[in-house]
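Spelled out from the first residue to the last, the chains are:
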Amino acid sequence: MTSSHSNILYRWPTDDLLCWLLRGLAAIAGLVVVFIVVFLIAETLPVLSHVGLERFFTDPSWHPAEGFYNLTPMLWGTLFTMAGSVLIATPLGILSAIFCHYYAPPILTRPYRRLIELLAGIPSVVYGFWGLVVLVPLIGEIHPPGPSLLSGILILTIMILPTIALMADASLANVPQHYLRGAAALGLPRWATIRGVVFPTAKSGLFTGVILETGRAIGETMAILMVCGNVVQTPSSFFDPIRTLTANIALEMSYALGDHRAALFVSGLVLMTMIAALTMAAEWISRGRIYG
Amino acid sequence: MRPADVHTKPHPLYPTDEQPSAAVPAPLIHVNNLSLHYGDRPAFQDVTLSIGPGGITALVGPSGCGKTSFLTALNRLTDLIPGCRVTGEIRIENLDVLAPQTDVIRLRRLVGMIFQKPNPFPLSIQNNLSFPLREHGLRDPVQIAHTTETVLQGVGLWDEVKDRLDSPALALSGGQQQRLCIARALALSPAVLLMDEPCSALDPLSSGLVEDLIVNLRGRYMVVIVTHNLAQARRIADAAAFFWVQDGTGRLIETGTARQLFEAPRDALTAAYISGMRG
Amino acid sequence: MAEASSPTHQAREWLASILVWGTAALVTATFCWLLGDIVWHGLSHLSWTFLTTSPESAGRRGGIGPILVSTLLILGVCLTVSLPIGVGTAILLAEFTSDHSLFGRMTRRSLDVLAGVPSIVFGLFGNAFFCKTLGLGFSILSGGLTLACMVLPILIRSTEEGFRAVPANYRLSAAALGLSRTTTLVHLLLPAAVPGLLVGLILGIGRAIAETAALIFTSGYVDRMPESLLDSGRALSIHIFDLSMNVSGGDANAYASTLVLVILLLAINGTAAWLAERGLHRRIVTV
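### Focus on the overall build of chain C
The number of helices and strands found in chain C is 11 helices and two strands. Each helix and strand of chain C, ordered N terminal to C terminal, gives the series α-α-β-β-α-α-α-α-α-α-α-α-α. Its C-alpha atoms give chain C principal-axis dimensions of about 65 × 60 × 35 Å. In chain C, the share of contacts with a sequence separation of at least 24, taken over all contacts with a separation of at least 6, comes to 73%. Accessible surface computed for chain C: about 11500 Å², of which carbon and sulfur atoms make up 68%. In chain C, the 17 positive side-chain charges and the 16 negative ones have mean positions that sit 8 Å from each other.

Here it is, written out as structure tokens:
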């Protein structure tokens, strides 16, 4: 009926061509991270060769002009803000997604989801600005000075919450409807269904969400830079101003030269290492959980 | 009789009563020593079988005996399943199905397939039919419209949908969707139609309609149908092949005309399975 | 049944409801506060003149015309580069590679790492690679390319999810009809994967516009009107940062700029959502 011999001759090369094109594009995408690591290392080599890695943790202080490169206070700053915000944002984000799927009346579902989507897209600099003009003065009234670890944690929480909420939302949406109908048929109440059926099914998606938000918390720069006070010190209370690794780079990169510049690349490398460790840990744990 | 004896002598399966034996053409599908593995797990092994044109051949047997896998090997849908390995030989007309240089697209036009669950594309009814036609090089809108009408009439769907060809195919009922899928396959005028339990996901009424339709296809297409419904197989099939699980893998136990296989099975396993259905 | 309706279980159900509703209320309230504050303070300074004139006195007075242009140029460069690479990679990972193939696994692994790379590290990389090594200097091109690297994982991840959400029987039935993979991809899978692609696009644009840290050392601070892609251009987010942190008395204009940024994002999100609904509907009825 339809003679498509010519089509056939023409079509197979198309499939092959497409496949090779896609492979090329994917290779570029895959190589970006390699490039990043290579360039970070290349930029840090000078300082690592004549200062050495251990001095970044043992020097008396961070005074790059005088040749002191202690990164530990900034490392603590990063870890504290990250831990605090992830601890608060994870339950809030997951509950948010659960609200959308299982609790919200249909009329609220869409607006609420839109709200979260909108928030996921709001620039960190906006959060930072709001934190600077609203949150910081508020905290300053409770316990001066205001710019502090606490304000950093709070701002970061608000920022990463949409990330986990959207990821959780997506993975809840992937829970097959017939599981839910099955649970309903067994007469399971709502929370029991969520705990017993939804969480186990959506586990890996939720976990990815947590990893993503943790990464975002570690890497966040601007908002933190704007609300944390940027004093290089290991905080002793929630109200102490701090400086994170990321803020340090942003603050000093514009005038750093030579060893100082390389030292900032070292902090970049430290950040990368943290992220890589996080990714690997995530993979390890999720593999154990999913297949174990 | 041991299954091995069956394998050594493939039984050509000819349409039974209606056709005079003198006019019997050569078998269309030759399967020789065919095995299929998913990774290390065999789905079926050493199947040797010939199927003649024009009739309806039913593949029967319990779940997990490799009937569906066998069907998907015939049009190389197995290519799409990661880790799936097919060995042996399949010939359809003059085409060496498993040869790497075989044009899969030509093969799949020659061998249409209907799935257990109706699977129309998320397009309009019209486009479900015309999109594959266009992709196979039919550009003339008049001809496309003609083919659409012919195949829809062929599956008895024309009167039901002629006024709403532009509405989404997914809005049709399950039975209508399945008939649309059959029409979609027929539009490409295949020689062989593979059907994987085409009625089992449908309600009895739709199932009956589709079954009538399959009977109507007899003589014009060669139909190979997998079914769990032995009563249905008896009603519609000209020839039948019985699969069974032995040592964790599917085996072809017995082939023959439908009448012979259902009324006077030669193999004890077949007899037990058939009588189980009776009892 | 008896167990499910016991007092402890009922209490747990109750507590869960309160927690879930409480969270939703808290989240909504916080965001209303944030948006309300910005709209309230920003609206009074927002005008057509503000959008079109150049900043004066380090941004205390004047508008944000050149800054808007730079922002859009940076975003344009970013999407032009990242969309084809991202969608292509997603298609490869979802449709053309098995989950076990080495290439697929390596690509996926490296994208997972890339997704977590802090934006400031992208800034360092962009500065070292695009500005210094490639010699593009502080420019819109450097900034856009840096952002392109950054949004890739987001784009790829959700596009891939979109493709994976397409029912497997589309592929099987298309193959059974003898359609080539290219055809199947273009006519069936791509339309069905559009929601995932758009979510990726929205998140990607959001992240690109939101980005400040990666741009400070790549596209630079210059607030003049850019004349080419090789000029330095100040992105809107950097402008806000600079006004609020480094320019005393810049708060009013910072508020207005923030409002512009938020409105811009609203518009982008809205357009994408609208496109998704309309485009999808059209795709379902015709090829």
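### Focus on the packing of aromatic side chains
All names here are of chain B. Applying the stated criterion across every chain yields a total of 21 aromatic pairs over all chains. Ring plane angle 70 degrees and centroid distance 5.7 Å describe the contact between F44 and F70, whose orientation is recorded as edge-to-face. One end of the pair, F44, is in strand β3 (residues 41-51); the other, F70, is in helix α2 (residues 67-74), with 26 residues separating them in the sequence. We note that F44, like F70, is buried. Judged by centre distance (5.6 Å) and plane angle (50 degrees), the rings of F70 and F243 are tilted. Taken together, the residues F70 in helix α2 and F243 in strand β10 (residues 239-246) connect sequence positions 173 residues apart. Considered together, F70 and F243 belong to a single accessibility category, that of buried residues.

### Quick notes on the interface of chain B and chain C
Taken together, the contact between chain B and chain C spans 27 residues of the former and 21 residues of the latter. Taking both partners together, chain B and chain C bury about 2000 Å²; carbon and sulfur atoms supply 71% of that area. Among the residues of chain B in contact with chain C, B:F121, B:P122 and B:F131 are the three that bury the most area, contributing 26% of the side total. Here chain B and chain C share zero salt bridges between them. Along the contact surface separating chain B from chain C lie four residue pairs in polar contact (both at pLDDT 80 or more). Listing elements by their share of the side of chain B that touches chain C, those giving two or more residues are α3 (104-110), β7 (111-114), α4 (125-135) and α7 (174-187) of chain B. Considering every element that reaches the side of chain B that touches chain C, the biggest residue donor is α4(B), with five residues. In the side of chain B that touches chain C, the residues fall into 15 nonpolar, six polar and six charged.

### Describing the packing of helix α6 (residues 140-164) of chain C against helix α8 (residues 181-210) of chain C
All names here are of chain C. Taken N-terminus to C-terminus, the directions of α6 and α8 make an angle of 145 degrees; their axes are 7 Å apart at the nearest point. The hand of the α6/α8 crossing is right-handed. For the contact of α6 with α8, the residue count by class is 15 nonpolar, six polar and one charged.

### Some remarks on the interface of chain A and chain C
With 84 residues of chain A in contact, the opposing surface of chain C contributes 84 residues. Here chain A packs against chain C, burying approximately 7100 Å² in sum over the two surfaces, 79% of which is carbon and sulfur. Along the contact surface separating chain A from chain C lie one salt bridge. Close ionic contact of A:E43 with C:K132 constitutes a salt bridge, the shortest N to O distance being 3.5 Å. For the side of chain A that touches chain C, the element with the most residues is helix α1 (residues 5-50) of chain A, which contributes 20 residues. Residue composition of the side of chain A that touches chain C, grouped by class: 57 nonpolar, 16 polar and 11 charged.

### Observations regarding the layout of surface pockets
The space that makes up the second largest pocket amounts to roughly 1100 Å³. Taken together, 33 residues line the second largest pocket, and the ones lying closest to its centre are B:D79, B:L80, C:E95, C:R171 and C:R181. Mapped by element, the contributors of at least two residues to the lining of the second largest pocket are α1 of chain A, α3 of chain B together with α3 (65-96), α6, α7 (168-176) and α8 of chain C. Here the element with the most residues in the lining of the second largest pocket is α1(A); it accounts for six residues. Broken down by class, the residue content of the lining of the second largest pocket amounts to 17 nonpolar, five polar and 11 charged.

### A look at helix α8 (residues 190-219) of chain A
The end-to-end C-alpha distance of α8(A) is 37 Å, clearly below the 44 Å that 30 residues give at a rise of 1.5 Å each. At A:K203, α8(A) shows its largest bend, some 65 degrees.

### Considerations on the domain arrangement of chain A
Residue and element names in this part refer to chain A. Segmenting chain A into domains produces domain 1 (11-50) and domain 2 (75-291). On a C-alpha basis, the centroid separation for the pair domain 1 and domain 2 is 28 Å. Listed as interface residues are 10 residues of domain 1 and, on the opposing side, nine residues of domain 2. For the pair domain 1 and domain 2, the summed buried area comes to about 810 Å², and 80% of that belongs to carbon and sulfur atoms. Of all residues in domain 1, the largest losses of buried area upon contact with domain 2 belong to L40, E43 and V47, amounting jointly to 56% of the total for that side. There are one salt bridge connecting domain 1 and domain 2. Residues E43 and R261 are paired through a salt bridge, measuring 3.4 Å at the closest nitrogen-oxygen approach. Summed over the shared surface of domain 1 and domain 2, the result is two residue pairs in polar contact (both at pLDDT 80 or more). Here the residues of the side of domain 1 that touches domain 2 sort into seven nonpolar, two polar and one charged.

### Comments concerning the domain arrangement of chain C
Residue and element names in this part refer to chain C. Domain boundaries assigned for chain C yield domain 1 (2-45) and domain 2 (48-286). Just the C-alpha atoms count here: the centres of domain 1 and domain 2 sit 31 Å apart. Put simply, domain 1 and domain 2 have zero salt bridges between them. Inspection of the region where domain 1 meets domain 2 yields one residue pair in polar contact (both at pLDDT 80 or more).

### Some words on the confidence of the model for chain A
Residue and element names in this part refer to chain A. Per-chain confidence: chain A averages 85 in pLDDT, with 93% of residues scoring 70 or above. The element-level mean pLDDT for chain A is lowest in helix α11 (residues 258-291), coming to 79, with helix α3 (residues 72-103) highest at 93. Confidence drops under a pLDDT of 50 for residues 1-11, and excluding neighbours within four residues, the segment shows 24 contacts in the predicted structure.

### What about the pairing of strand β9 (residues 222-226) of chain B?
All names here are of chain B. Of all the five residues making up β9, five are buried; the element is thus mostly covered by neighbouring parts of the structure. Residues M222, V224 and V226 of β9 are buried on one face, and the alternating residues V223 and I225, pointing to the opposite face, are buried as well. One ladder, built from four bridges, connects strand β4 (residues 56-60) with β9; its direction is parallel. By the bridge assignment for β9, L59 is matched with V226. Where strand β8 (residues 192-196) meets β9, five bridges bridge the pair, whose relative direction is parallel. Directly across from V192, in β9, lies its bridge partner M222. Between the parallel pair β8 and β9, the chain is carried across by helix α8 (residues 204-217), and the sense of this crossover is right-handed.

### Focus: unusual backbone geometry
The step from A:P144 to A:P145 runs through a cis peptide bond, and the omega angle for that step is 10 degrees. Along the chain, the position of A:P145 falls in the loop between α5 (124-142) and α6 (149-173). One non-glycine residue with positive phi stands out, namely B:S189, at about 40 degrees. Topologically, B:S189 is positioned in the loop between α7 and β8. For B:E197, which is not a glycine, the phi torsion comes out positive at approximately 45 degrees. Residue placement: B:E197 occurs in the loop between β8 and α8.

Rules and cut-offs
Residues numbered from 1 in each chain as written. Chains lettered and ligands numbered in written order. Predicted model: local features only at pLDDT ≥ 70, side-chain atom pairs only at ≥ 80, totals over all residues. Heavy atoms only, no water. Helix = DSSP H or I, 4+ residues; strand = E, 2+ residues; numbered from the N terminus. Contact = heavy atoms within 4.5 Å. Areas by Shrake-Rupley, 256 points an atom, 1.4 Å probe, with all protein chains shown as cover. Lys, Arg positive; Asp, Glu negative; His and termini not counted. Charge placed at Lys NZ, Arg CZ, Asp CG, Glu CD. Phe/Tyr/Trp six-rings, centres within 6.5 Å; stacked < 30°, edge-to-face > 60°. Buried < 20%, exposed > 50% of the residue type's maximum accessible area, 1.4 Å probe, protein only. Buried area = accessible area lost by both parts, 1.4 Å probe. Salt bridge = Lys/Arg side-chain N within 4 Å of Asp/Glu carboxyl O. Polar contact = N/O pair within 3.5 Å; in protein donor to acceptor, adjacent residues only side chain to side chain. Nonpolar A, V, L, I, M, F, W, Y, C, P; charged D, E, K, R; others polar. Axes fitted to C-alpha atoms, helices over the stretch in contact; angles between N-to-C directions. Left-handed = near helix turned anticlockwise from the far one by under 90°. 1 Å grid on protein atoms, 1.4 Å probe; cavity = no way out; pocket = protein on both sides within 12 Å on 5 of 7 lines; lining within 4 Å. Points joined across faces, edges and corners; volume = space filled by probe spheres on them. Expected span 1.5 Å × (residues − 1). Bend = angle between axes of the 7 residues up to and from the residue. Domains from an automatic or database assignment. pLDDT = per-residue confidence, 0-100. Pairing = 2+ DSSP bridges. Right-handed = clockwise from strand over helix to strand, strands pointing away.

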